[in-house]
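# Coordinate analysis (summary)
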Amino acid sequence: MNRNINTDINTELARSSDHPKRSTKVLMLSAALSTAIIATGCQSTSGGQGTVAINQTPAAAKTALAAALQKQRRQSFAYHSNLEISNEQEFLNIDKSQLVASEYVDAHCEETHDKAYAALIEQAQTAGKMIESTDYAPQRSAIKQSYLACDEAYRAWDESQYNSAAFEDSDVYEEYDDAEYSSAYKALDDTAYVEDVGATVTESRVIKGGAIASDSNDKVSPYYQELFDNYDNKTTKQNVRNAQLLDAYLLKPLSINAQGVYQPVAGKITMLSSMQYKGRNHHSSINQPIYFNAKEGTIYFWADNIAMLNSELFDNKLGTQWQNKWLKLTLNDGTLPKDFGRTVIKSHFDALDRTFETAPLSQFDYVTPQSLSAVSPKYPAAQLAPMLKTPQIIRRAQSTASYEQFYQDYMSIVYETITTQYPDLVTDSELGSDVFDPSGKSLTSKAIVQQILSIIKSEITGDESAIASQNSNTAILELYGLDNRGRIKWQHMRNQDMGLQDSTRGITIDVLQQYAPITSQTIAYPSLPADVQEPNASNSVDIRDYSRELIESYRQGNGTALGKMLFRMLPMSQERLESID
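Read on for a plain summary of the structure. (Residues numbered from 1 in each chain as written. Predicted model: local features only at pLDDT ≥ 70, side-chain atom pairs only at ≥ 80, totals over all residues. Heavy atoms only, no water.)

## Let's talk about the overall build of the protein
When helices and strands are counted, the protein shows 17 helices and twelve strands. The contacts in the protein between residues at least 6 apart in sequence include a share of 72% that link residues at least 24 apart. In the structure as shown, the protein presents an accessible area of about 29700 Å², 52% of it carried by carbon and sulfur atoms. (Helix = DSSP H or I, 4+ residues; strand = E, 2+ residues; numbered from the N terminus. Contact = heavy atoms within 4.5 Å. Areas by Shrake-Rupley, 256 points an atom, 1.4 Å probe, with all protein chains shown as cover.)

## Points about helix α8 (residues 222-229)
Listing the buried residues of α8 in full gives Y223, Y224, L227 and F228. Around the axis of α8, the buried residues are gathered within 110° of arc, so they sit on the same side. (Buried < 20%, exposed > 50% of the residue type's maximum accessible area, 1.4 Å probe, protein only. Arc of directions from axis to C-beta.)

## Quick look at the pairing of strand β11 (residues 507-516)
Within β11, seven of the ten residues are buried, which leaves the element mostly enclosed by the surrounding structure. Sheet analysis places strand β1 (residues 77-86) next to β11, joined by nine bridges and oriented antiparallel. Counterpart to S81 in the pairing with β11 is Q513. Note that strand β10 (residues 488-497) and β11 share eight bridges and pair antiparallel. In the strand pairing of β11, H492 is matched with L512. (Pairing = 2+ DSSP bridges.)

## Notes on the packing of helix α13 (residues 400-421) against helix α14 (residues 445-460)
In the contact formed by α13 and α14, the axes pass within 10 Å of each other and the chain directions differ by 135°. Between α13 and α14, the angle falls in the class oblique. Our pair here, α13 against α14, has a crossing hand that is left-handed. In this structure, α13 uses Y407, Q408, M411, S412, Y415, I418 and T419 to contact α14, whose residues at the interface are L453, I456, K457, E459 and I460. (Axes fitted to C-alpha atoms, helices over the stretch in contact; angles between N-to-C directions. Parallel < 35°, antiparallel > 145°, perpendicular 65-115°, else oblique. Left-handed = near helix turned anticlockwise from the far one by under 90°.)

## With respect to the sheet that holds β10
Pairing is mixed in the open sheet, where twelve strands are placed in the order β7-β8-β9-β10-β11-β1-β2-β3-β4-β5-β6-β12. For this open sheet the edge positions go to β7 (364-367) and β12 (540-542), each flanked by a neighbour on one side alone. Here the average twist between neighbouring strands, direction ignored, is 20°. Lying on the sheet, α13 is in contact with β8 (392-399) and β9 (475-482); it crosses β8 at an angle near 90°.

Structure representation (structure tokens):
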């Protein structure tokens, strides 16, 4: 997903907090999608009283967008986010002539042969005859000759590609009687095999046309050269069917949303993330309320969704203690500097401004609302409707390489700012070590920050060639809808992963975030009772206190079998648990 979005939300919401959040990378699908939804709350705002100039140049678009995004930092709003996933390009408007027999080029010849022979068997059975009948001798011979030509061409192509030795001759046809194939192509019914045999007919015609010469030392024919060179761009009939099933039984019934309020002055943000599945015979839904209090430096998670799992796996004495409760996590336990949170926020905004300033003008332009209806793949209808209502739309388009470079630059600035001001947070320890404090009693915020900084350092000092090798067909497209006073009313992000080379197939992820003023009717958590809309001491459980109590229970020999096994792995427990069976 969009690191710009993800980074902005995770640090901006941490105002006055003492714990930084590291943005995650784009593309994998379940965790990334969740991050994208969480990120939607803080990318736009109401604010500003001026009128946007009617200057439709890339420079004007970049300037207007920068001003609008900077206004958001101190504005309050309610938001609603919707995420849609589509794979229609993987099965709509497919050129059947480009379908291949196998997912892998080295299996193409054998798969093509097997499918052709299976089709011939079916034809014989329909006619009430045996496949060994002389009636099918010409077809069997054609299939054999087509396979041999294909196999010979593949070996030559493979040797030229990888400079490797030719494969061993196949013994697939030991059962054939060569005498039966003397008239291989005279009686071949081409039209009978177009649908089921695939390339066999075409290959046979190529052979008959002399593209594959009898001299085995000749080069690969143009037909096979093109086929094998572009094999990764092609798909199989089975892949098309799988894509249709995925769309019908998962993607179309699935809906992912988030809503809440953002109030930076009050240091408060709420989010109700939800996922719904609505099939013909299956309706299910799950919600996860989250509450962040920046002034206290705490984050709250609704406990019901994990209470049963925790009770089954780790705490068999939990019972219903977590029912209708929030889980409270204090981000700073006192081990971090007092002004650490402020420094993180400052470095975040500084990095955003500097990286945005260096972005090339070619990434920005104005588009008309009418042009959105002509975009391919089409935007989801429910998302397109509100997008058409704003008079001004700014587009920012980035390739993966450009986006990865932005991320590298952003993280480098953040890392340099934090480590320069707090050199004691820099550690060379391996990931996962020194997480517990010397007394072995608790997980420290400082240790967590040190590990996060270590991860950031490893990413920004990694192999730069990895950026250049990113898939150039993966596009990240952002749209911003502005009203006549320059206020951002919605933001849309599209991520298109088009595979290794083919720019016509792939997964499309669309995320729309809409923004509105906070009113007296705005309810943060419609699914929760009124008395738990705001977390407090009476309706919450402190995770740190609970963890200490649970650890002490395990030290006394209590707990589940899985919990004991995991507890033994904790550095502070290795010596203390030697006597526990």
